[in-house]
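# Working through the structure, step by step
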Amino acid sequence: MSWLRNMVGKPRDDGTVRARQATSPAAASAQAPVLPPVDWDRLRQSIAAAANGEERTRRERELGRACAARGLSPLPVDAPAVWVEAVCHASDKATAADWSGRLKGDESLAEAAMHCRFAEIRLAAARRITDLAVLKQLADANRDKDKHVYRHCTDALRAHRHGGARARRAAELALAVRALLEARPVAVSRLLHLEKEIAALGKGGEVLAECMDLLAQAQGCVLKETQAQIGLRDRLAAVMALRFEIAGAQWPPGDRLAAWQHRYADIVYETASSPAWLAKFPAGRELARVLQEIESRLGALALDVTRAAECERFLEAPLPDEGIEAWAALPKPDTASVRAALEARWATIQARAAPPAIEPPPVPKARKSRKPRIDQAELQRSLEELEQHLDEGRLAEADGVASRIEHAIGAASLGGLPARRWQSARAQLARLHGWARWGTDQAREHLIAEAEALLGSEPDMDERARAVPALHKEWKRLDAHGLATKALWARFDAALEKTYQPVLEQRAVEAVRQEAARVEKAAQCEAWEAWFEQFSAAAPQYMALAAKREEIAAHWRSRGALAGFRDERKLRRRRDGLLKRMDALLEEAQAKEAARREQIALAAEALRDEPEISKAVNEARSLQIRWKDEPAIVRMRHGTEHKLWQRFRAACDAVFARRDAIRNEQVVQREQRDQARNAEQQARDLKRAAERDAALSQKARHAGRFALMAQKAALAEPVEAAAVGGEPADALLAAAREAWEGLARLQGTADRVLRARLDAAVSARAESLAKGRAARAALLIDLEIALELPTPESDALARRARSLSRLQERFRSGGPAAQEPEAMVAQWHAIGAVPDDGQYARMAAIVRRLLERGG
């Protein structure tokens, strides 16, 4: 356990070493520290007799520490503070865990989570806390102390906030679904929107379960309403077919009238059994109108049948004396053809019963008038034109000219050549009419064959809708050459009627669908317009307006059903008008937002000329915060926002580039000053060395002269020297030798001192820069640990050692407070060191992380 002792900073003493070497329990017990005895009763009595709360708390903590030191559990009757203190000072993890499990109350658990020496116990205590206020205080207290406890508290608080917001939103959505269920029919688009919002909340919770139950009910209602609308369309198609069949039926209706009445009764019963809200739809209103029309038509037919039967009985019975008055008083059918047939039979019966008519007196013959004169020149031109048309086979033009000639001749008679030419032309015209009649009959047979083939083919509605009008048009064109027989027309009309019946039914269904789409889109437009009016009247929220505009555009694109060409065009114009009004407000808001961003960009550009670089940098940072944090009025167009951002970014980059340039210039100037100072110092050292050399040279010269004088004295006075034992000469020579040796020693000492000072100056500068580089590396490791950034492999061991050192400082009470990363970055830049590209790259990553965390 030496690593643990080293980690907590406890020194290893000789007693510990001896205890580790001991193997017997007796030796271990002999070496354990002996604790003084504790009078537990007196200690608890002192707690009870405490004069104030502070004294009571101090004694309770004393009791808890005493229990922890001796491994004795506090009594159940002890105060919570005793248990908390025992848990915090327990030396055994299992004992601390056992005592921690007996703690009650969030305040006690928070104290244990703050001061217990074991990280697992602290985290376990924090997990048992339920009071949000206590969790908030614990998170604030452990922000820079215990990251596990801090993370648990922040996660719990965040989960509670999210859970509360989720529950509130779920309750709001449940109310919205209930309101949707109360309003029939259920709005499918609103239901889909609510489904997406409920799905976004996830699963779990009673409120969400309620929302899911309500959604299931709403989906069931939508299914039933869809089936009801399908039934409505089916009933409308059936009633349209019934109306068409009744309108095209021939007289007499016979048994078909009862069948029609039975079908009508079934449709009425189904309509009455359907939900009442279906009557609000256009299809429901159309169904009610057609049913009313069929009811009146069936009633009229039944009345006509009854009246026709009474008229038949009257006509088949013997004619009474007052037959004319009785016939006039008898109600007649409203059907024109039936009424005309009955009137014709009555006229025949009345004619047979009437007395013979008296011949009127003869009318005297009128005097013959003079024959009208004929314009022979005009007649000649008309005959030539008629003959030319006949030769070229233009029957219609020939008929027109022949009619003109007959009108011109009138009652007059022709003679001679004009009469023969006229008779010949009339005969030729009759032959052409015969051929044309035969050709048109053949063409009509072909048209009937085409209509019958179209009826027997697959029901291609588009082809039938195109072919039937074309066949009708061709039949009418043939009528210009002569009317068809009734039999041919009946065949042709019956075939076309049966062929066109599915087209009519499909168009009826399509009309119902288009009407439903028109009503739905019109209602949606009304809702959007009402929302816009409320928006215009209230305080403008342009973000909501932009979101609403996108919602309108997306909703319109998602609706595939069209409301008919004209209705769709009107609805599109209505929607486009609303969008234009929205765009006008949005453009105004975007102009305001662009002006606001423009002001920020202009303020940033003005900082380029700011003389004080520190003020410019602070202003640029504040402008960056404004750009990022100030709420935008509305989202601008991407191009405009990008251009403004480029301008603002360039202006801020210019300020920071100017700051970096000034800093680099200051570094260069500082280095130049250092170099100049070193050069000056070296010059001073060299000057002092030169002066010292000059002094030594002067001393050398003096020593030389002194030695020369001694030599001369020795040579000049040999007798005296010999007489006195050579003492003067030897003394002079010794003094000279000593002078030379001293000079040499002084010279060598001066050289060594100068060289040592120069080497010391150079090494002092190199050592200072090397120490600065090491200090910067240590600060980089601290910043990477604090910001959870990776460290290069070359510094991995240093990072682990630094992490261990920080952990030891955390365990020590009263350790230095953690330094803010921004202050550490400033300290790193203030340290002089040898340039290192790797350190600069690591510092750039740290600055980016600080900017991201600040955003």
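Keep in mind the model is a prediction, meaning the values are calculated, not measured.

## Digging into the overall build of the protein chain
A count of helical and extended segments in the protein chain gives 31 helices and zero strands. Taken across its 855 residues, the protein chain has 29% of its residues classed as buried. The contacts in the protein chain between residues at least 6 apart in sequence include a share of 68% that link residues at least 24 apart. Within the structure as shown, the protein chain displays about 54,400 Å² of accessible surface, and the carbon and sulfur contribution to it stands at 56%.

## Considerations on the packing of helix α4 (residues 40–48) against helix α5 (residues 53–70)
At their nearest, the axes of α4 and α5 sit 8 Å apart, and the two run at 155° to each other. With respect to α5, the element α4 is oriented roughly antiparallel. Crossing of α4 against α5: the hand is left-handed. When α4 is examined against α5, the residues Trp40, Leu43, Arg44, Ser46, Ile47 and Ala48 are found in contact with a partner set consisting of Arg56, Arg59, Glu60, Glu62, Leu63, Ala66, Cys67 and Arg70. Tallied by class, residues from the contact of α4 with α5 come to seven nonpolar, one polar and six charged.

## Details of unusual backbone geometry
Residues other than glycine seldom take positive phi values, yet Glu788 does so here, at roughly 55°. The topology assignment puts Glu788 in the loop between α28 (727–786) and α29 (796–811).

## As for the packing of helix α6 (residues 80–89) against helix α8 (residues 106–115)
Across the interface, α6 lies against α8 with an axial gap of 9 Å and an inter-helix angle of 20°. By the criterion of interaxial angle, the relationship of α6 to α8 is roughly parallel. Regarding α6 and α8, the two cross each other, and that crossing is right-handed. Facing Pro80, Val84, Val87 and Cys88 of α6, the residues of α8 in contact are Ser108, Glu111, Ala112 and His115. A class-by-class count of the residues in the contact of α6 with α8 yields five nonpolar, two polar and one charged.

## Structural notes on the pattern of salt bridges
Counted according to the given criterion, the structure contains 34 salt bridges. The partner of Arg659 in a salt bridge is Asp660, and the shortest N-O contact between them spans 3.2 Å. Look at Arg659 and you get buried, because its relative accessible area is 17%.

## Concerning the environment of Asp567
One can find Asp567 in helix α24 (residues 565–606). Its relative accessible area of 28% is what places Asp567 among the partly exposed residues. Counting along the chain gives 48 residues from Asp567 to Val519, while the straight-line C-alpha distance between them is 9.8 Å.

## Points about the packing of aromatic side chains
Scanning the model with the defined rule gives five aromatic pairs in all. Between the aromatic rings of Trp627 and Trp645, the centroid separation amounts to 5.8 Å while the plane-to-plane angle is 45°, which identifies the pairing as tilted. Of the two residues, Trp627 sits in helix α25 (residues 613–629) while Trp645 sits in helix α26 (residues 638–716), which places them 18 residues apart along the sequence. For Trp645, a relative accessible area of 31% gives the class partly exposed.

## A closer look at the layout of surface pockets
Within this model, the second largest pocket holds a volume of roughly 2,000 Å³. Forming the walls of the second largest pocket are 46 residues, and the residues nearest its centre are Arg621, Arg659, Arg663, His829 and Val847. Of all the secondary-structure elements, those providing two or more residues to the lining of the second largest pocket are α25, α26, α28, α30 (821–830) and α31 (837–854). Element by element, the count of residues in the lining of the second largest pocket is highest for α26, at 16 residues.

## A closer look at the environment of Pro469
Locating Pro469 in the fold gives a position in helix α21 (residues 461–479). Relative accessible area serves as the criterion here: at 42%, Pro469 is assigned to the partly exposed category.

Cut-offs applied
- Residues numbered from 1 in each chain as written.
- Predicted model: local features only at pLDDT ≥ 70, side-chain atom pairs only at ≥ 80, totals over all residues.
- Heavy atoms only, no water.
- Helix = DSSP H or I, 4+ residues; strand = E, 2+ residues; numbered from the N terminus.
- Buried < 20%, exposed > 50% of the residue type's maximum accessible area, 1.4 Å probe, protein only.
- Contact = heavy atoms within 4.5 Å.
- Areas by Shrake-Rupley, 256 points an atom, 1.4 Å probe, with all protein chains shown as cover.
- Axes fitted to C-alpha atoms, helices over the stretch in contact; angles between N-to-C directions.
- Parallel < 35°, antiparallel > 145°, perpendicular 65-115°, else oblique.
- Left-handed = near helix turned anticlockwise from the far one by under 90°.
- Nonpolar A, V, L, I, M, F, W, Y, C, P; charged D, E, K, R; others polar.
- Salt bridge = Lys/Arg side-chain N within 4 Å of Asp/Glu carboxyl O.
- Phe/Tyr/Trp six-rings, centres within 6.5 Å; stacked < 30°, edge-to-face > 60°.
- 1 Å grid on protein atoms, 1.4 Å probe; cavity = no way out; pocket = protein on both sides within 12 Å on 5 of 7 lines; lining within 4 Å.
- Points joined across faces, edges and corners; volume = space filled by probe spheres on them.

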